[in-house]
Amino acid sequence: MALPNCSLKVNRELLDPSFESYRLSLDSIPTYNVELDAAVAEVKLKDSQYTLDHVRAFGMYNYLHIDPWYEDSVYFVDSKGRVLNLTVTLDTALGKPREMFRFESDPISCEGEQLCASLSLTSATWAALSDGTGKLTLLRTSKRGESSHIKWETMFRERLGEPFIIVHSLAHVRSYVHTIEVLLLRVQKDPSDTKGSGFSISLEWIIVDNSEKIQNRKYGVRKRMMMKGKSVPHYAAVEPQGKGIVVASEKPFAFTEVDGLPLEEPPVEAMEVENSDPIYFWQQTEEDVTLNVRLPEGTTKDDIRFKLAVDCLRVRVGDHAPLLDGQLFAPVDPEASTWTIKDDKSLEVSLQKRSEGPLWSEVILGDRRGEYLMSDEQKSQLQQRLSYLTSEDLNPNPEKDKPPCNAQELEDCDMFPEDSSTLMRFDGATLKPTHVVSLGSHQFLFSVHIDPSEMPAFCLRHDVEALLWQPHPNQDNDVWEHISTFNALGYVQASKRDKKFATCAPNFSYAALCECLRRVFIYRQPSPVDTVLFNRKQGRQVGQVAKQQVANLDTNDPVLGFRATNERLFVLTANNLFVLKVNN
């Protein structure tokens, strides 16, 4: 079945084509140091956890957790099994972190494996906690900002199989039933994977509520849904009210189990096509695109179900699964487009381009089942255009304005990942994908909480820029909204070889990167300057400047956590918590 493809729509008003560069600022950044009573509960990878997925999931884990509901409040777990909180009201009077919860001593572990403890702040009054051995604890925290001295109360504790980390959680109330949705991540051994790493990735969606009292407990597990994939997701989050789930990963995920039972796929009657690879051929000119789709033998005109809109195409035969279904590469004119059956074997579709000139790289976004047939005239034109790229001479035509491309001059930060990453939205009722975006070269940078009532936003690289996207699952036409742009950050972060974490302020005033040791980089949005500045090369006045600042931390310990608020940056190491005053 064809996947429901869609695309990310960039808001051009949030782009700055006149942006030049960041200017290094020597302004000092006030840095405050809180020494910890006990080291952070860091769990280092074992010899058996040798894959890249283990490093991404556990080795690069962010041990510092920020509270989206209460400003400048962060949490972490120390080696004594304590959940500690530091809330900043005055930078020059930082107190010691306060204990909010302590793990019970439990010598039992799952087959000797133990992961890092993970925390997810579920709502303004609830939190989800994992001790790293496979046990999930749900805690009632009261209103953390108003009652920060009250210890958290355990409302649910249960062992849920192999060790996991908590990726995301949320709570909601419907029909007087309080429900908590938790998303768990595991990297498990997979004997069936003989050609790969020998491991598979699972995302388990747990639903806990108080609809029925189980063994005198107020809360119990109502439903467990399992997803499987081959790579650790860059982003995974449950939608508000638990209506769906959004996953961004290099390799796609799919639901496989519900409450321990394999998920049965509804049988789709296969159509007999002589050769299904490829299923269609296509050609194009500057004015139109022509497709020839292979049809089952005996297909008549009455069997064809054809639907064409400005930006999408759907073709199916009878009640079979669609042959073509998805978003077109570019808009077309439906009234000027036609289709006909040729020789009772193929369906010829002629699509009239709305904008003449630009050539399409594919017909339907993400559909790789077609083969492009290029005419001899197009081949000769393409060879002429690219001749200077394949010449043996260094510069075959020096009189041209643009010199030939030299791949040896490309830097590592110019390279893009493989064109296989996807962003998928799954419906919570059917467990089927409803929206699929091919991320392609849009490298995933980081995720951040902008609005506690919304899902976490995520940042992607678009060429040299870094664009921030906010999921809106309730908006069918604009599921992912472009809400901010960090100029040139996509290129800048790629040049940082020792980069470990990246984040941004909820009000978009700055973005920040940190390396594995000591250094923190801050990139501020362009702001007006008080003095008169001129660009000497162009001879024009500069009205605003984007600043870059660098802070060096007084420690030799590696960075374990990194979070940002509108005013401060929090950096966690094994024995210290640093607070950087970025904005007043």
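Above this note sits the structure.
Before going into details, it helps to say that this report is about the structure given with it. Keep in mind that this is a model prediction, so the values were computed, not measured. (Residues numbered from 1 in each chain as written. Predicted model: local features only at pLDDT ≥ 70, side-chain atom pairs only at ≥ 80, totals over all residues. Heavy atoms only, no water.)

**A short note on a nonpolar patch on the surface**
Okay, so step 1: There is a patch of nonpolar side chains on the surface, built from Leu-45, Leu-52, Val-55 and Met-60 and spanning about 300 Å² of accessible area.
Okay, so step 2: Position of Leu-45 among the secondary structure elements: in the loop between strand E2 (31–35) and helix H1 (52–59).
Okay, so step 3: Overall, Leu-45 belongs to the partly exposed group, its relative accessible area being 31%. (Patch = residues over 30% accessible without salt bridge, like charges linked within 9 Å, V, L, I, M, F, W, Y side chains within 5 Å. Areas by Shrake-Rupley, 256 points an atom, 1.4 Å probe, with all protein chains shown as cover. Salt bridge = Lys/Arg side-chain N within 4 Å of Asp/Glu carboxyl O. Helix = DSSP H or I, 4+ residues; strand = E, 2+ residues; numbered from the N terminus. Buried < 20%, exposed > 50% of the residue type's maximum accessible area, 1.4 Å probe, protein only.)

**Quick notes on the sheet that holds strand E5 (residues 82–87)**
Okay, so step 1: Taking strand neighbours across the sheet as the criterion, the four strands line up as E3-E4-E5-E6 in an open arrangement whose pairing is antiparallel. Looking at strand neighbours, the two that pair on one side only are strand E3 (65–66) and strand E6 (98–102), the edges of this open sheet. (Pairing = 2+ DSSP bridges.)

**Observations regarding H1**
Okay, so step 1: When we look at burial in H1, the residues that qualify are Asp-53, His-54, Ala-57 and Phe-58. Each buried residue of H1 sits inside an arc of 95 degrees when the element is viewed along its axis, so together they form one side.
Okay, so step 2: Looking at the packing, one finds that the buried side of H1 touches strand E11 (165–174), strand E12 (177–189) and strand E13 (199–209). (Arc of directions from axis to C-beta. Contact = heavy atoms within 4.5 Å.)

**Comments concerning the sheet that holds strand E21 (residues 304–308)**
Okay, so step 1: Taken together, three strands build an open sheet; the order of strands is E21-E22-E23 and the sheet is antiparallel. Where the open sheet ends on each side, the last strands, each with one partner, are E21 and strand E23 (324–327). Strand-to-strand twist across the sheet, computed as the mean angle between neighbouring axes with direction ignored, equals 10 degrees.
Okay, so step 2: Examined bridge by bridge, strand E22 (residues 312–317) and E23 share four bridges and lie antiparallel to one another. From the neighbouring strand, Cys-312 faces E23, where its bridge partner is Gln-327. (Axes fitted to C-alpha atoms, helices over the stretch in contact; angles between N-to-C directions.)

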